[in-house]
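# A look at the structure
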Amino acid sequence: MLHFGAAYYPEHWPEDRWPEDIRLMKEAGITVARLAEFAWSTMEPAEEQFELDWLDRAISLLAENGIVSVLGTPTAAPPAWLTHKHPYTLAVDDYGRSAQHGNRCHYCANSTEYHAHSRRIAEVMARRFGSNPHVIGWQIDNEYNRVCYCSRCRARFHEFLQARYRTLDALNARWSTAYWSQTYSDWEQIPLPIGGHNPGLLLDFRRFITDSYRRFQRVQIEALRPHLREGVWITHNFMGWFDAFDHYALTEALDIAAWDCYVGAGYHDRSKQAAAHDLTRGFKRKNFWLMETQPGCVNWSSLNNMLNQGEARVLAWQAIGHGADAVLYWQWRSAYGGQEQYHGSLVDQSGRPRLFFEDARRLGQDLAAVADLLDGTEPLGQVAVLNDYESRWSIQWQRHHNDFDYVSHLFHYYRPISEHNIPIDVISADAPLSDYRLIVAPALNIMDEQRAAALVDFVNGGGHLILTARCGMKDRDNALLPSRQPGSMLSELAGVEVAEYYALDKPVPVQGDWLQGQSRLWAEQLNILDKTVSTIARYGKSNGWLDDQPAVTVTNRNGGRVYYVGAYLDDNAQDVFIEHVLKAAQLAPPFDAPAGVEICPRSGADGRLVYILINHERAHQIVSLPWAAQEHLTGQRVDGTVALDAYGIAVLTQV
Amino acid sequence: MLHFGAAYYPEHWPEDRWPEDIRLMKEAGITVARLAEFAWSTMEPAEEQFELDWLDRAISLLAENGIVSVLGTPTAAPPAWLTHKHPYTLAVDDYGRSAQHGNRCHYCANSTEYHAHSRRIAEVMARRFGSNPHVIGWQIDNEYNRVCYCSRCRARFHEFLQARYRTLDALNARWSTAYWSQTYSDWEQIPLPIGGHNPGLLLDFRRFITDSYRRFQRVQIEALRPHLREGVWITHNFMGWFDAFDHYALTEALDIAAWDCYVGAGYHDRSKQAAAHDLTRGFKRKNFWLMETQPGCVNWSSLNNMLNQGEARVLAWQAIGHGADAVLYWQWRSAYGGQEQYHGSLVDQSGRPRLFFEDARRLGQDLAAVADLLDGTEPLGQVAVLNDYESRWSIQWQRHHNDFDYVSHLFHYYRPISEHNIPIDVISADAPLSDYRLIVAPALNIMDEQRAAALVDFVNGGGHLILTARCGMKDRDNALLPSRQPGSMLSELAGVEVAEYYALDKPVPVQGDWLQGQSRLWAEQLNILDKTVSTIARYGKSNGWLDDQPAVTVTNRNGGRVYYVGAYLDDNAQDVFIEHVLKAAQLAPPFDAPAGVEICPRSGADGRLVYILINHERAHQIVSLPWAAQEHLTGQRVDGTVALDAYGIAVLTQV
Amino acid sequence: MLHFGAAYYPEHWPEDRWPEDIRLMKEAGITVARLAEFAWSTMEPAEEQFELDWLDRAISLLAENGIVSVLGTPTAAPPAWLTHKHPYTLAVDDYGRSAQHGNRCHYCANSTEYHAHSRRIAEVMARRFGSNPHVIGWQIDNEYNRVCYCSRCRARFHEFLQARYRTLDALNARWSTAYWSQTYSDWEQIPLPIGGHNPGLLLDFRRFITDSYRRFQRVQIEALRPHLREGVWITHNFMGWFDAFDHYALTEALDIAAWDCYVGAGYHDRSKQAAAHDLTRGFKRKNFWLMETQPGCVNWSSLNNMLNQGEARVLAWQAIGHGADAVLYWQWRSAYGGQEQYHGSLVDQSGRPRLFFEDARRLGQDLAAVADLLDGTEPLGQVAVLNDYESRWSIQWQRHHNDFDYVSHLFHYYRPISEHNIPIDVISADAPLSDYRLIVAPALNIMDEQRAAALVDFVNGGGHLILTARCGMKDRDNALLPSRQPGSMLSELAGVEVAEYYALDKPVPVQGDWLQGQSRLWAEQLNILDKTVSTIARYGKSNGWLDDQPAVTVTNRNGGRVYYVGAYLDDNAQDVFIEHVLKAAQLAPPFDAPAGVEICPRSGADGRLVYILINHERAHQIVSLPWAAQEHLTGQRVDGTVALDAYGIAVLTQV
């Protein structure tokens with residue numbers, strides 16, 4: 001079921017306003033409201049004094065008007081009485097200051113007192129609403145984001161390390177603590193890192209943060225689950241490429257993934273938004289919810305411009321095209337006060353629809369028209385781009401070149417593939433790989449035998465693999481591998497090893513038979529180990545070391561193929577390279593479309609194949625179709641061509 | 001009486017140097033010295049051990065040479081014994097660190113211990129010098145600027161809030177604390193905000209800071225007043241557009257306002273300096289003192305260039321033209337040590353006059369020549385530009401567009417009016433309005449019934465009013481008004497409401513019959529509510545929403561007129577718009593002058609009208625006069641034209 | 001003896017790897033290894049439990065292969081058990097936070113507990129290895145750099161001040177504490193300055209930091225010395241222009257100076273590297289060790305590019321040309337873990353030579369070829385550039401123009417002299433001056449009678465002296481001198497005084513008979529006091545004050561000559577000026593060389609004169625010689641010309 005909705009805070013308004021809000025929601029075509037995720041102080045105004053009747057009435061009134069509810073547990077914003085009575089529930093920053101009330105996620109995720117309070121409010125809500133037929137899902141907390149430096153966290157970190165390493169000897173060896181005399185002789189000596197620190201400690205600290213949120217989340221899942229009726233899901237709203245913790249670990253215990261998609265300053269970027277959707281879909285390797293998105297503008301950027309008229313349509317449809325089963329605006333209407341008065345909304349301070357309301361209403365109509373058609377369909381990636389939080393952290397802590405950003409480098413591969421309208425999955429480097437024709441492992445810095453073996457198997461099974469700069473440098477302890485990049489198994493697979501890596505102060509020419517351009521930011525100089533390896537391109541005249549050395553190679557293995565790209569190619573060269581790779585892998589779009597038009601197929605288990613066409617441009621465009629089609633937003637039959645208005649959408653099936 | 005002076009610190013020098021300093025002062029034409037405001041450790045070297053004889057001797061020696069004194073209470077710089085014995089008198093920063101000795105304003109304004117010590121030293125000084133005929137005024141403390149985060153301040157803040165809201169229910173409602181579960185159930189739970197916070201809390205915190213300084217100031221006024229002879233005034237030297245507190249509230253209990261005018265890096269800016277003078281004159285709606293100004297250069301900027309030769313003359317005369325009754329340099333001579341060794345002065349380290357001394361001496365001569373003429377005169381604004389600290393804070397905390405600065409936006413209106421040589425008052429949005437022909441309310445974000453009613457009355461009385469972008473959005477609790485901008489009363493008055501506001505990432509065209517240009521940073525899209533409203537200009541092609549929508553409107557009401565300017569016009573368009581507005585309001589300069597020549601009239605109660613002409617350019621300029629005049633600096637009769645040298649001044653009366 | 005080496009950490013590796021490492025060292029021509037400076041936790045894994053056998057075996061194995069050792073005391077990185085048991089040994093930052101384990105130099109240099117532990121480990125090492133014939137030198141600690149703000153440091157600071165000033169009256173007078181009521185009535189009141197503060201206090205705080213490190217260093221010297229065999233030296237590896245303390249004071253008790261030379265981002269800069277070598281040579285006024293240098297790239301810059309192939313050769317030879325008697329790379333091989341995984345090294349993670357190894361090997365061969373020739377030789381400066389930490393601090397705290405940087409201004413004089421291939425000594429402003437023909441005193445801000453008298457003597461002895469902008473402004477307490485710049489004695493010597501100084505917002509023309517250009521950032525307007533003074537150049541049209549005023553002057557005194565340069569000349573004008581000065585001082589290079597070729601003579605006590613020619617360019621160059629020569633790297637006889645490849649070196653003696 002495809003849902004359309006908004007975050008709604010009835011607790012901000014007198015109850016006699018609710019009917020008018022809900023009337024307007026119906027007018028906008030809204031089918032789901034997200035409620036309660038910041039309402040703790042309203043639901044439990046004093047300790048163990050619960051007031052949930054208002055929420056029940058809101059859910060009922062919505063339901064009477066055909067709108068279902070998703071409930072948030074309110075733990076991102078504890079009541080003042082709670083943190084005031086239990087000050088150790090507050091997170092502590094790296095200056096030793098307790099977080100202030102009036103914020104979000106200002107709790108310490110390891111506070112057992114906070115666990116108890118969170119469990120109780122979640123359980124009380126679940127007992128009351130878990131079996132409510134109009135409550136279809138639950139969101140735990142809101143946008144986890146805090147890192148705490150309190151002494152309790154430090155003690156928990158020591159326990160975490162003990163569980164991981166068993167002995168200090170093991171930890172000392174794996175962290176190379178002989179370096180700088182860092183050797184630990186007592187677990188208590190290990191600090192929570194402030195700023196830079198030992199790479200092994202830094203990586204484990206991120207794992208510990210992940211683990212802390214997992215435990216905090218588990219407390220609530222266990223409080224909710226027993227009381228939920230069959231089919232009701234639990235999720236959390238993540239923040240796209242945010243990286244304070246490992247999202248694969250956090251989503252394991254959730255039923256579905258969800259994220260909050262904001263453009264912030266500027267306008268939507270086709271590839272960036274697409275990649276973030278694919279990332280979120282990859283958390284659970286299935287469809288997800290867009291739990292929040294931007295109704296026009298936000299309030300938290302340095303320049304909170306409004307999206308263009310009609311642009312929201314493209315944003316929403318692209319989410320759906322990449323696997324969203326719901327699109328919810330944040331928020332329905334701003335409270336009179338509070339930090340987000342300037343945030344976009346559907347209804348303004350006066351209670352009347354804002355101009356954006358019309359964009360939303362139109363979207364509501366569209367979604368209603370195709371909800372049944374899209375039900376049970378999902379995108380199926382043909383290419384996998386591997387994403388790894390550990391590699392990302394490792395590189396971000398040690399960029400070597402300040403402009404080398406892990407996610408930008410991933411986009412560097414994602415973008416040209418996506419612009420060919422080839423469906424992509426962004427998945428964990430530890431996910432199963434066999435379903436793909438092509439796998440890209442951008443800067444997969446952290447490598448272990450299991451990962452390497454999976455990639456070897458993939459290639460031996462006929463797959464095409466791109467290894468890139470900064471692949472295979474470190475082990476799971478963030479220590480250097482004892483072999484040269486990309487590590488012994490992948491070196492053997494690719495037939496190359498990295499003789500040296502270079503942060504580039506200026507671009508270096510890259511030349512080959514069919515590939516010319518420059519490498520910017522980074523260059524790896526390759527040693528060719530194997531006669532089967534072809535050099536696609538070499539570096540030109542540069543710092544002396546790189547001159548005329550191999551930059552990009554390829555080799556065939558058992559029907560599969562392995563590229564090693566030591567260069568960080570300029571965009572034009574990257575386009576040429578990727579086009580070559582896609583052709584070799586026999587990857588082609590369903591049909592041709594002009595630049596700026598995206599084709600997003602969603603497939604059903606029944607073989608149904610729905611094409612969502614998205615015109616990302618503010619200009620009219622024509623798409624030629626290879627077959628006759630049904631357009632489902634207009635209900636019209638299409639032969640030959642589809643005309644798309646500025647920011648226009650078409651939803652097609654072949655007839 | 002027009003005064004000319006300098007800050008003088010006899011406590012830095014051996015007493016046998018004083019006669020030479022005072023001889024040089026006389027040579028420079030100095031008539032007043034400011035003394036003692038940093039001399040606490042000299043006046044009270046140990047607790048309750050007072051040594052004031054030296055100061056008495058300095059005052060006497062000055063007086064013998066015709067120089068009167070202004071005394072500062074020394075509380076901006078407590079002695080080390082005081083803060084060392086009473087460490088809780090020190091302000092605490094937002095990291096919990098106590099301020100260090102060796103600074104300025106490093107006390108907690110709410111410390112009762114500090115109040116007691118301040119009261120005592122003020123009283124001791126007043127008993128000794130209050131009736132001294134050579135002491136004509138007192139300055140309390142120096143440049144209030146500190147914000148303290150100590151636990152005592154937090155407790156005082158709670159009391160402040162209790163007094164303001166009576167009940168937590170009221171506070172919760174008016175701060176919309178249901179938002180993010182911020183509801184307070186105990187006053188003690190309310191934090192002092194560090195960084196961003198609830199807009200209501202932020203605003204009240206600024207009010208509390210204002211209130212804290214008021215109480216601190218009152219302690220000293222009450223200590224001084226009973227001991228001062230008739231006619232001796234009390235002031236404080238403010239810092240122009242500094243905004244840590246509400247200056248209208250702080251100046252209420254003072255007799256006159258004063259400020260410290262520094263250019264810092266670069267050179268003087270005609271409009272900026274003028275606006276700051278008008279601001280300060282507006283605090284008490286009467287003439288003020290320029291308590292400090294820059295003798296050549298400062299030491300605290302990142303580039304402390306020297307003003308051009310002669311430029312100081314323009315700076316001083318512009319201050320007088322805008323209502324200064326005194327101009328005092330900071331400082332006479334630098335101490336050998338201390339933080340400000342590189343600051344400009346009249347006498348250098350060697351005790352000899354610096355080159356700047358000659359600029360000062362010339363000014364001293366000028367002032368002496370016209371002191372009688374200007375005595376009892378003051379500028380009379382024909383236009384009021386409304387200034388509001390609450391609106392300013394509200395916008396600065398939530399700029400929405402990072403480049404939208406409240407004061408720059410105010411200048412945007414001030415500058416072109418000022419360049420027409422129309423006298424302007426910058427006054428509180430709560431001041432009486434009836435004396436003006438035109439009122440500009442730049443970004444008057446905070447609106448209540450009283451303010452709106454005063455503006456309605458003004459227009460109904462025949463006045464012309466400019467409402468601008470960001471007017472009338474919030475109430476006095478910094479909460480959104482329940483009606484659209486500019487709020488119900490002003491919407492009715494202007495005949496428009498703001499359908500939507502936009503932070504602009506790029507300029508948008510604005511077009512009308514006589515107005516073409518661009519809106520930058522900001523655009524408000526207007527709904528016209530009333531057939532009397534004319535659209536002066538519309539937005540051009542842009543983000544879709546704004547295209548062809550009203551940007552600037554005007555309507556006539558009972559002989560008055562109301563403009564609503566939703567755009568932030570480019571400078572050229574703004575000039576055209578303002579010229580139109582001034583013409584419609586029948587506002588014209590006393591006579592024409594070339595660009596770069598400012599005309600500052602000062603009027604006496606006796607009908608005397610003195611014109612100060614200021615050539616802001618470094619080039620010779622000619623001004624044609626409509627009447628024969630007397631020039632008072634040269635004492636010459638002028639017919640037809642006045643020639644002004646580079647940075648030249650003329651002081652004219654009609655004959 | 002000329003040494004070639006690397007930092008080697010056997011404690012990071014299994015002992016069975018050592019032979020392979022040492023085999024590779026021999027292959028590279030390495031003659032010295034630096035060991036143990038971060039090995040405390042390996043040498044003393046638990047309190048008073050010492051394990052030094054491994055180090056003994058490493059020293060022996062190295063020695064068996066002809067490699068001597070330098071040992072570091074490991075106090076820059078205390079073991080975790082130490083700081084955990086004695087938390088007050090940790091430095092405290094200006095937010096009151098204790099430093100974290102896992103860092104470097106995170107101890108409080110004033111901790112007596114830390115002194116005790118440091119003394120013990122140093123003594124244990126010295127007892128074991130002091131008489132070892134293969135240990136030729138000791139390095140104390142590593143790159144002193146920390147400033148601590150703990151309460152113990154504050155108490156020690158009070159003692160330091162008491163020793164310096166005896167009475168608070170003296171301190172108050174010399175710090176001008178009457179200013180801002182800073183007067184101290186108890187030593188305890190004096191803070192450790194955080195951020196800006198009283199200039200006198202700031203200067204004494206730097207002296208105190210210097211003193212703290214001196215005491216900390218002395219503890220170790222005293223622990224080591226009694227156990228060292230004859231001829232074994234003690235040093236510390238400083239960081240070039242680092243300025244947290246006075247390096248002249250710190251090097252007094254050391255036998256030789258040493259420094260760690262890193263390029264960081266970008267490429268080597270001939271003058272900057274040269275000046276830093278000359279600075280270090282100036283610490284002890286004799287040859288020094290390059291204790292660390294960059295094998296290709298570093299890891300700590302924002303852009304860690306690799307040096308060009310061959311560039312390391314130039315870096316190393318330039319060090320030797322400027323007095324290095326040893327060049328050691330940091331480091332031999334990176335540990336698998338630890339913060340510096342990305343740092344350049346000679347051997348990579350796999351244990352195999354990196355590409356850079358070949359550059360190092362070639363250098364090893366070269367050095368071996370000329371080690372005997374260079375033994376006992378040293379550079380002899382003909383020009384002295386005076387360097388003064390106190391002047392530097394004073395200016396950096398009060399730059400007045402943000403772009404005025406003390407060291408850049410020193411380079412401004414160093415560079416053109418150095419480019420003429422005139423040997424320069426960079427020495428303390430308090431060092432003996434009589435050996436020089438020309439002395440430059442760039443921005444020698446702090447002046448006392450002794451310094452001034454030495455400069456007067458120098459000129460009266462026939463020397464040429466350049467006084468520059470910002471000379472002679474302050475006394476040793478960082479207070480303004482009671483006379484105008486450059487102070488009374490030097491004013492008399494130079495025949496000028498500074499009428500006014502100006503931070504320039506834009507360049508000002510400077511014109512003279514043979515000197516035209518601009519002054520940027522700074523201008524001093526000179527009063528000519530003496531008829532013997534010639535004005536070399538005047539300022540052009542500018543801010544009015546400077547127009548047509550003297551900018552650069554010269555006068556002859558008793559066969560000597562004094563220039564006063566009030567301008568900060570643009571680079572071209574500076575070249576012209578310096579060329580003129582050198583000619584007048586009859587300073588000429590040994591022979592002519594193309595731009596980009598540096599000539600570094602080293603002289604032996606036996607009259608031997610060895611010329612090291614360095615081609616700083618990446619292009620072939622030809623040098624014509626005035627005499628027949630022997631080239632010692634190739635062993636070939638050279639008549640007429642020497643051809644230098646890109647980054648080529650020649651080592652010549654006249655035959």
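This is a predicted model, so every value here is computed, not measured. (Residues numbered from 1 in each chain as written. Chains lettered and ligands numbered in written order. Predicted model: local features only at pLDDT ≥ 70, side-chain atom pairs only at ≥ 80, totals over all residues.)

### Here's the deal with the overall build of chain A
How we decide: Per the convention used, a helix needs a DSSP run of H or I reaching at least four residues, while a strand needs a run of E reaching at least two, with both numbered from the N terminus. C-alpha atoms define the radius of gyration in this analysis, and the globule rule sets the expected value at 2.2 Å times the number of residues to the power 0.38. We call a residue exposed when 12 or fewer other C-beta atoms sit within 10 Å of its C-beta, buried when the count reaches 20 or more, and partly exposed for counts in between; the C-beta positions come from the backbone. Working definition of a contact: two residues with C-beta atoms, positioned from the backbone, lying within 7 Å.
Broken down by element type, chain A carries 17 helices and 28 strands. For 655 residues, the compact-globule estimate of 2.2 N^0.38 gives 26 Å, and chain A sits close to it at 26 Å. Expressed along its principal axes, the backbone C-alpha trace of chain A runs to roughly 80 × 75 × 45 Å. When each of the 655 residues of chain A is scored for burial, the buried share is 57%. Within chain A, contacts between residues at least 6 apart in sequence are counted, and of these 72% link residues at least 24 apart.

### Some words on the interface of chain B and chain A
With 42 residues of chain B at the contact, the number on the chain A side is 45 residues. Broken down by secondary-structure element, the contributors of at least two residues to the side of chain B that touches chain A are helix H8 (199–224) and strand E15 (496–503) of chain B. It is E15 of chain B that contributes the most residues to the side of chain B that touches chain A, 4 residues altogether.

### Here we look at the relation of the copies chain B and chain C
Both copies of the chain are related through a single rotation about an axis accompanied by a shift along the same axis. Convention followed: Here the copies were fitted onto each other by least squares, based on C-alpha atoms from residues at pLDDT of at least 70 in both.
Rotating chain B by 120 degrees and moving it 0.0 Å along the rotation axis overlays it on chain C with an RMSD of 0.1 Å. Overall, the copies show the geometry of a three-fold rotation axis. Residue Tyr95 of chain B of chain B places its C-alpha closer to the rotation axis than any other residue of that unit, at 4.3 Å. Taken as a fraction of all interface residues of chain B, those also at the interface in chain C reach only 2%, which identifies the copy contact as different-surface.

### Overview of the interface of chain B and chain C
Basically, it comes down to this: Throughout this entry, Asp, Glu, Lys and Arg are counted as charged residues, while Ala, Val, Leu, Ile, Met, Phe, Trp, Tyr, Cys and Pro are counted as nonpolar. The remaining residues, Gly among them, count as polar.
On the side of chain C, 42 residues touch chain B, which itself brings 45 residues to the contact. Elements with a minimum of two residues in the side of chain B that touches chain C: helix H2 (40–43) and helix H4 (80–85) of chain B. A breakdown of the residues in the side of chain B that touches chain C according to their chemical character gives 18 nonpolar, 22 polar and 5 charged.

### Comments concerning the sheet that holds strand E22 (residues 597–604) of chain B
The strands making up a sheet associate through hydrogen bonds between their backbones, and the pairing can be parallel or antiparallel. Residue and element names in this part refer to chain B. Rules: DSSP calls a pair of strands paired once it identifies at least 2 bridges connecting them.
Read across the sheet, 6 strands follow the order E10-E22-E23-E28-E25-E26 without closing on themselves; strand pairing throughout is antiparallel. Each end of this open sheet is capped by a strand with a single partner; those strands are strand E10 (377–378) and strand E26 (636–638). Bridging between strand E23 (residues 609–615) and strand E28 (residues 649–654) involves 4 bridges; their strand directions are antiparallel. Bridge pairing links Ile612 to Val651 in E28.

### Focus on the relation of the copies chain B and chain A
Take chain B, turn it by 120 degrees, move it 0.1 Å along the axis, and it overlays chain A with an RMSD of 0.1 Å. Comparing contact sets, just 2% of the residues at the interface of chain B also lie at the interface in chain A, consistent with a heterologous contact between different surfaces.

### Observations concerning the domain arrangement of chain A
Our working definition: For every domain, the bounds stem from an assignment made automatically or drawn from a database.
Once the domains are mapped, chain A shows domain 1 (383–584) and domain 2 (597–654). Placing the centre of domain 1 of chain A and that of domain 2 of chain A at their C-alpha centroids yields a distance of 35 Å.

### Overview of the sheet that holds strand E8 (residues 288–293) of chain B
Residues and elements named next belong to chain B. A sheet is described by the order of its strands in space; here 9 strands give the open sequence E5-E4-E3-E2-E1-E9-E8-E7-E6, paired in parallel fashion. The two strands at the open ends of the sheet, each matched to only one other strand, are strand E5 (233–235) and strand E6 (237–238). Sheet topology places strand E7 (residues 257–261) next to E8; 5 bridges connect them, and they run parallel. The residue bridging Cys261 from the neighbouring strand is Thr293, located in E8.

### Some words on the pairing of E28 of chain B
Sheet topology places strand E25 (residues 629–631) of chain B next to E28 of chain B; 3 bridges connect them, and they run antiparallel. Considered in E28 of chain B, the bridge of Ala629 of chain B is made with Gln654 of chain B.

### Here's the deal with the environment of Ile59 of chain A
Residue and element names in this part refer to chain A. In this structure, Ile59 sits in helix H3 (residues 53–64). The buried category is assigned to Ile59, around which 24 C-beta atoms lie within 10 Å. Excluding residues that lie within four positions of it along the chain, Ile59 makes contacts with Ser69, Phe129, Asn132, His134 and Val135.

### Some remarks on the packing of helix H10 (residues 270–284) of chain B against helix H14 (residues 406–419) of chain B
All names here are of chain B. The cut-off we apply is this: To obtain each axis, a line is fitted to C-alpha atoms, and for helices this fit is confined to the stretch in contact; angles are then taken between N-to-C directions over 0 to 180 degrees. The labels follow the angle: roughly parallel below 35 degrees, roughly antiparallel above 145, roughly perpendicular from 65 to 115, and oblique for the rest.
Here H10 crosses H14 at 105 degrees, and the two axes come no closer than 10 Å. It follows that H10 is roughly perpendicular to H14 by the angle criterion. Across from Ser271, Lys272, Ala274 and Ala275 in H10, the residues of H14 making contact are Phe411, Tyr414, Arg415 and Ser418. Each residue belonging to the contact of H10 with H14 can be placed in one class, and the counts come to 4 nonpolar, 2 polar and 2 charged.

### Comments concerning the packing of helix H6 (residues 151–165) of chain C against helix H8 (residues 199–224) of chain C
Residues and elements named next belong to chain C. Where H6 contacts H8, the axes come no closer than 10 Å and their chain directions differ by 105 degrees. Considering the angle they form, H6 stands roughly perpendicular to H8. On H8, the residues that touch Arg156, Phe157, Phe160, Leu161 and Arg164 of H6 are Asp204, Phe205, Phe208, Asp211 and Ser212. Tallied by class, the residues present in the contact of H6 with H8 amount to 5 nonpolar, 1 polar and 4 charged.

### Focus on the nonpolar core
Stated precisely, the cut-off is as follows: Take the buried Ala, Val, Leu, Ile, Met, Phe, Trp, Tyr and Cys residues, join any whose C-beta atoms are within 7 Å, and the set you get is a nonpolar core.
Ala441 and Leu613 of chain A, Ala441 and Leu613 of chain B together with Ala441 and Leu613 of chain C are the most contacted members of the largest nonpolar core, which has 650 residues in total. Setting aside chain neighbours within four positions, we find Leu613 of chain B in contact with Val597, Ile599, Val623, Val642, Leu644, Ile649, Ala650 and Leu652 of chain B.

### Here's the deal with helix H12 (residues 356–374) of chain B
All names here are of chain B. Definition in use: Here the expected length of a helix is defined as 1.5 Å per residue gap, with one fewer gap than residues. Note that bend, as reported per residue, equals the angle between axes fitted to the 7 residues terminating at that residue and the 7 residues originating from it.
Under the 1.5 Å per step criterion, the end-to-end length of H12 is 25 Å for 19 residues, consistent within 8% with the ideal 27 Å. Within H12, the axis deviates most sharply at Ala368, by approximately 35 degrees. Inspection of H12 places Phe356, Asp359, Ala360, Leu363, Gly364, Asp366, Leu367 and Leu374 among the buried residues, and these make up the whole buried set. Directly beyond the C-terminal end of H12, a positive phi value near 80 degrees is found at Gly376.

### Remarks on unusual backbone geometry
Going from Gln485 of chain B to Pro486 of chain B, the amide bond is cis rather than trans, its omega being -5 degrees. The topology assignment puts Pro486 of chain B in the loop between strand E14 (464–468) and helix H16 (488–494). In this structure, Asn558 of chain A takes a positive phi of about 50 degrees despite not being glycine. Relative to the helices and strands, Asn558 of chain A is located in the loop between strand E19 (550–557) and strand E20 (560–565). Phi at Asn478 of chain C takes a positive value of approximately 65 degrees, unusual for a residue other than glycine. The exposure class assigned to Asn478 of chain C is buried, which follows from the 29 C-beta atoms found within 10 Å.

### Observations concerning the pairing of strand E3 (residues 68–72) of chain C
Residues and elements named next belong to chain C. Burial analysis of E3 places 4 of its 5 residues in the buried class, which makes it a mostly covered element. Here 4 bridges tie strand E2 (residues 32–35) to E3, and the two strands are oriented parallel to one another. By the bridge assignment for E3, Val32 is matched with Val68. Pairing geometry for E3 and strand E4 (residues 135–139), over 4 bridges, is parallel. Bridge pairing links Leu71 to Trp138 in E4.

### Observations concerning the environment of Ile439 of chain C
Residue and element names in this part refer to chain C. The residue Ile439 is located in strand E13 (residues 438–441) in this model. Looking at Ile439, the number of C-beta atoms within 10 Å reads 23, which means it is buried. Taking the C-alpha atoms as reference points, Ile439 and Gln636, separated by 197 residues in sequence, lie 38 Å from one another.

### Remarks on the confidence of the model for chain A
This is how the line gets drawn: Values of pLDDT, ranging from 0 to 100, describe the predictor's confidence in every residue of the model.
Here chain A shows a mean pLDDT of 97. Residues at 70 or above account for 100%. Scoring the predicted complex yields pTM 0.97 and, for the interface, ipTM 0.96.

### Digging into helix H11 (residues 311–321) of chain A
All names here are of chain A. Counting buried residues along H11, 11 of its 11 residues qualify, which places the element largely inside the surrounding structure. Of all the positions in H11, only Glu311, Ala312, Arg313, Val314, Leu315, Ala316, Trp317, Gln318, Ala319, Ile320 and Gly321 are classed as buried. Looking one or two residues beyond H11, the residue adopting positive phi is Gly323, at roughly 115 degrees.

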